[in-house]
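# Summary of the model geometry
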Amino acid sequence: MPAKAPAPIAPASASPGTDARARRPATARRRGPRALGRRIAQVAYYSVAALIIVACTLQIIRQVFFLPVIPSPYGSCQEGLLALVRAVDRARDAAPGTDGEDAALARFRSKLAPEWTYRDGVAVSCRGSAEDERALDAIERLRYAEEHAARREAGDLAPLRRRVRAIVDGQLGPVSPR
């Protein structure tokens, strides 16, 4: 059996230094001006993003925890609570109409003013008395329920009111507007 000849050795690179460039680590290739510009752009981008996030977070914290309380113009907690109840009653009476949910809510909310702008001040004057705090809580729940009732009533009853109004005006003669 004849002996096999060893495999030929690959010839050396014709141009000197090409093997050295191919074996250089990847970090050495990134040290050029292009890489520096890319790094500066990344730092600038992330810095702007971080500044926006911090600014928004600070604004949210300020609005949630540090809003100024408008002092109540009412002499006592009970006067303030009565004013809030009267405002809810006034708003409930103003909400019904035939012009839809948005208009009903706008009427309801506009009639809550100015008493409900002092709600936090009334809460401060009621602080310390469990009975007064419970009364304020009940009044707030009533306002919330009345607002939702105005919304639901406007959405459900406004089309029916318009239809009946058209029937009354067309067949039975005009009636005084409500």
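Below you will find a few notes about this structure. (Residues numbered from 1 in each chain as written. Predicted model: local features only at pLDDT ≥ 70, side-chain atom pairs only at ≥ 80, totals over all residues. Heavy atoms only, no water.)

## Remarks on the overall build of the protein
Inclusion rule: By the criteria applied, helices consist of DSSP H or I runs no shorter than four residues and strands consist of E runs no shorter than two, each listed in order from the N terminus. Method for areas: the Shrake-Rupley scheme with a 1.4 Å probe, in which residue coverage is limited to the protein chains shown.
For the protein, the helix and strand inventory stands at seven helices and zero strands. Counting helices and strands in the order they occur from the N terminus, the protein gives α-α-α-α-α-α-α. Summed over all atoms, the accessible surface of the protein reaches about 13700 Å², with 60% contributed by carbon and sulfur.

## Side note on the nonpolar core
Buried together is how nonpolar side chains tend to be arranged in soluble globular proteins. Under the convention used in this document: We call a set of buried residues a nonpolar core when its members are Ala, Val, Leu, Ile, Met, Phe, Trp, Tyr or Cys and they connect through side-chain atoms within 4.5 Å of each other. The cut-offs for exposure are 20% and 50% of the maximum accessible area for each residue type, with area from a 1.4 Å probe on protein chains only; residues under the lower value are buried, those over the upper are exposed, and the others partly exposed.
Formed by 16 residues in total, the largest nonpolar core has its most connected members in Leu-81, Leu-84, Phe-108, Leu-112 and Trp-116. Those elements that provide at least two residues to this core are α4 (77-94), α5 (101-112), α6 (119-126) and α7 (130-172).

## Some words on the state of the cysteines
What counts here: For this text, the term disulfide refers to a pair of cysteine sulfurs within 2.5 Å.
The full count for this structure, using the stated rule, is one disulfide. Across a sulfur-sulfur distance of 1.7 Å, Cys-77 and Cys-126 are joined as a disulfide pair. The disulfide joining Cys-77 to Cys-126 has a torsion of about 95° about its S-S bond and is therefore right-handed. Highlighted residues: Cys-77 in helix α4 and Cys-126 in helix α6, separated in sequence by 49 residues. As far as burial versus exposure is concerned, Cys-77 and Cys-126 are alike and both buried.

## Structural notes on the packing of aromatic side chains
For clarity, the cut-off: Here the aromatic set is Phe, Tyr and Trp, taking the six-membered ring for Trp, and pairing holds for ring centres within 6.5 Å; pairs whose planes are under 30 degrees apart are stacked, those over 60 apart are edge-to-face, and all others are tilted. A ring is considered to have a charge above it if a Lys NZ or an Arg CZ atom is located within 6 Å of its centre and within 35 degrees of its normal.
Applying the stated rule across the entire model yields two aromatic pairs. A ring pair is formed by Tyr-45 and Tyr-46, whose centres lie 5.3 Å apart and whose planes are at 75°; its orientation type is edge-to-face. Here Tyr-45 and Tyr-46 have matching classes, each one exposed. Seen from their ring centres, Tyr-74 and Tyr-118 are 6.3 Å apart, and the 90° between their planes marks the pair as edge-to-face. Within this pair, whereas Tyr-74 is found in the loop between α3 (33-65) and α4, its partner Tyr-118 is found in the loop between α5 and α6, the two being separated by 44 residues in sequence. On the accessibility criterion, Tyr-118 (23% relative accessible area) is partly exposed. One cation-aromatic arrangement involves Arg-143 over Trp-116; the distance from NZ or CZ to the ring centre is 5.6 Å.

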